[in-house]
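Here is how the chains run, residue by residue.
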Amino acid sequence: MGFCVCSWGLGTPQGFLSLLFAPSSAAAKMPSPQTVASGPELHSPREPVEPQIPAQGTRRARSEDASSAHREGLRPGLGTFRRAFSKASQQALGCAPQEDPGLLRRSSRFFFRSLRHALDDGPAADQTQATTGPGVAHSREVPSKAMDGVRRQSSTGAGPAELEDKSVADLITERKLLAAFEQLRHLETRLVAEKASRTFEQDPTGFARRAMDVCLHYDGLAAEIGAIVLETLGPDGVDAAVLAELARVVRAEEEAHPEAPADGDFLRTPRHWRQRWEDAVRRSAQERVQQASAGEAPGAVEGAAGLAQLLAELGGLVRRDLQKVQLEVHPAYAAAGYPAWEAYLRAFHGAVAQRLQELAHDARGCEQLYVLLDWASNVYGSPDFLGSQDLALPSEPLPPLLAPDVWARLESDYTSFLETKIVSCFDGILQLEQSRWAAAEAPDVLQGHYHTPLSIDVHMLVAEHVKAAGAISAELEATTLQICARALGLFLPRFEKAFLESGAVSEPNLCANINACEEFRTHLLARFPGSLEELEKPLVAATCAFQKRLLQGLQGDVQPLFKVLCTKAWLTQDVLQPLLDKVVAFAGHLEHVVRPRAQETLQEVHRYVVREYLAQALRPRERFRGVERVSGSQKMALDAQAIGNTFQGLGSEATWLGRAIPCVADILGETYKDDIRRHLETLIGSYPDIRRDHVLAILALRRLGRHRNQHLLTHAQDLLRAAAKAGGPGAAGGHVLFEEIEVPSSMDVLITCI
């Protein structure tokens, strides 16, 4: 009856007893780098055993390191071995010489010393040696720098005789990994053969000692593999020959233990060194990634600048390490037929993802959230992150750097902070404008137009945030556009109200604000089509408000000048010229307004002048008769020509206004009364918005007879009904003139109607 044991993480007899009498564990940790598990050094079967005395204190430290490093994990089958070993031990105690009851509590070096004698003397010597005084053995610990010369020697190779003269522990310490594995494999094969021949049937304890010794040294070899991996990306690095030998050892172990034996023999169970190598690569990547924030306590990153600096350090470290893997480490492994690039790439990707998750949990504020999103999308995710297209991160095989739910949460938090930030930015823009108004600063003239900083500030605010969001994702860009549109839509009425209530209202400032609104409509809406339609209404409303206030200023200046029209003094004086001079001066400001809005305003001024002139003519303060009436008609025609020439020179395109004053003048001065009918037809046809009261006021100026007035009025009413049936004011293209002129019901008008 045979037994097998492996002490993954057991460096003392107490640990071995825990293996026998404790539940098995599934995980095993590697020892610390450059340290071989405490226990005897296995020698070649042909090597004479020489006692080795370690320095005092080192023995205890080495034992503690090994026991702590290997404390976790037992392989399957240990429960079976524990029960069988207990039963066999009871049988052996009944028929064999009684052994020292403290045997299994002693240091593991007692068993290893016994094992060295057992390899030469057989199982009988094992039993005798087990009850004698303990020997002393130690495992060497060599600093990494002192090992460089030994590693170079191992890379050049050593003769078979030289290797046979060294223990397994020495070979592991000197990183002659393949030679150490071959010796361990030989001892394992010999031990399995002796178990099969029932050599240990009467001595299960002897077999346990030797099996534990083999397993401990297998663990030591696996620990050295982990140590090599951890040192690979360190400042000193590892020789390429050592990495190649590591790869060959892992492959050799896989070939030696391809699958678990059917009889459950633990000595021949696969040790999964490839998986442990991959685990070591992952730990190495995690340790390297954590070095980027080694000086920062969790959650101690302050502000976006600090987070950006941390991510820059992280990106630089990952870039340098992966470049080293691709250019130095991977070729060394590949020479032994062992691909390493994919393993390191996935390990660093996972470590970066874990670190980014931690940073995302502690991120606060719009800036920090954006720094995280931008780094993940545009820095780490860029094709040239590693500095070469050949080293680009593959996008398909690797999982997302941030889980979809984490990414969605970051975007949601970012947009919430962004909305508050953009509203705050618009508040700041309004404050800047108010300070400029208080300082009575005149607007600049850029490219011939009045210009206000408002336009640049809003354009930059929207463009920068939309561009930044678009660099992360199209969805975030669309969301940012909506946020900007809502904020600007709320800002425009506030800005309009604040300006009109301020003391900075002037023609240049009003024109500059009209230009700003027009730039928002043409540039923003054109740059982001289909996204900012909701801004159309508030922009039109603000533009109209500024145009209205601009016209009100002109009207306040020229309105008194209309009162002297259609008076006897007007017949002999040029009272219209001062009014036209003010119009020309006003139009000078419109030259610095963008053309669509400037033309609209100029046409409105043109319509206002014609309308007020007709209003004054239809309700004159003095009535003209005879020669004065004819002179008034001629004067009115001259004024109409002056008004037309002036606005034509200013560039007004409202040519439809040119027939109104001449028609009234013709009716007033017509000597052939039958032609008045024709003039009325022209007037009503040109201005369908004229009403019956306007016709009565015009006829009252002429003082025709009752029958003729009644006949003309009836004909005018027929024309008005026909115009209304044809579409009312719309028949003249929507132009409005007479509709806004109020005429009083004076006695003269009443007499005309009788």
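Here, every reference points to the structure presented above.
Residues numbered from 1 in each chain as written. Predicted model: local features only at pLDDT ≥ 70, side-chain atom pairs only at ≥ 80, totals over all residues. Heavy atoms only, no water.

A. Summary view of the environment of P508. Along the chain, the position of P508 falls in helix 19 (residues 507–527). It is 9.9 Å that separates the C-alpha atoms of P508 and T452, two residues lying 56 residues apart in sequence. When neighbours within four sequence positions are excluded, P508 is seen to be in contact with P443, Y450 and H589. (Helix = DSSP H or I, 4+ residues; strand = E, 2+ residues; numbered from the N terminus. Contact = heavy atoms within 4.5 Å.)

B. Region of interest: unusual backbone geometry. Phi is positive for R175, which is not a glycine, with a value near 60°. You can see R175 is positioned in the loop between helix 8 (168–173) and helix 9 (177–196). Although it is not a glycine, C566 adopts a positive phi angle of roughly 60°. Mapped onto the secondary structure, C566 falls in the loop between helix 20 (536–558) and helix 21 (568–572).

C. Region of interest: the environment of L590. As for its placement among the helices and strands, L590 is situated in helix 22 (residues 576–590). Note: C-alpha distance between L590 and E600 (10 residues apart in sequence) is 10.0 Å. Leave out the neighbours within four places in its chain, and L590 touches L550, A598, T601 and L602.

D. Expanded view of empty space enclosed by the protein. All told, the structure shown has 6 cavities of 30 Å³ or more when counted by the stated rule. What lines the largest cavity is simply C566, W570, A617, P620, E622, R623, F624, M636, L668 and L701. Residue composition of the lining of the largest cavity, grouped by class: 8 nonpolar, no polar and 2 charged. (1 Å grid on protein atoms, 1.4 Å probe; cavity = no way out; pocket = protein on both sides within 12 Å on 5 of 7 lines; lining within 4 Å. Points joined across faces, edges and corners; volume = space filled by probe spheres on them. Nonpolar A, V, L, I, M, F, W, Y, C, P; charged D, E, K, R; others polar.)

E. Structural view of the packing of aromatic side chains. Evaluated as defined, the whole model comprises 21 aromatic pairs. For the ring pair Y218 and W273, a centre distance of 6.0 Å and an interplane angle of 65° mean the geometry is edge-to-face. Here Y218, found in helix 10 (residues 204–232), pairs with W273, found in helix 12 (residues 273–291); they are 55 residues apart in sequence, far enough to count as distant. Assigned by exposure class, Y218 and W273 land together as buried. Aromatic rings pair up to connect F426, W437, F491, F495, F499 and F546 into one cluster. Its end group placed over the ring of F385, R319 keeps NZ or CZ at 4.7 Å from the ring centre. (Phe/Tyr/Trp six-rings, centres within 6.5 Å; stacked < 30°, edge-to-face > 60°. Buried < 20%, exposed > 50% of the residue type's maximum accessible area, 1.4 Å probe, protein only. Lys NZ or Arg CZ within 6 Å of the ring centre and 35° of its normal.)

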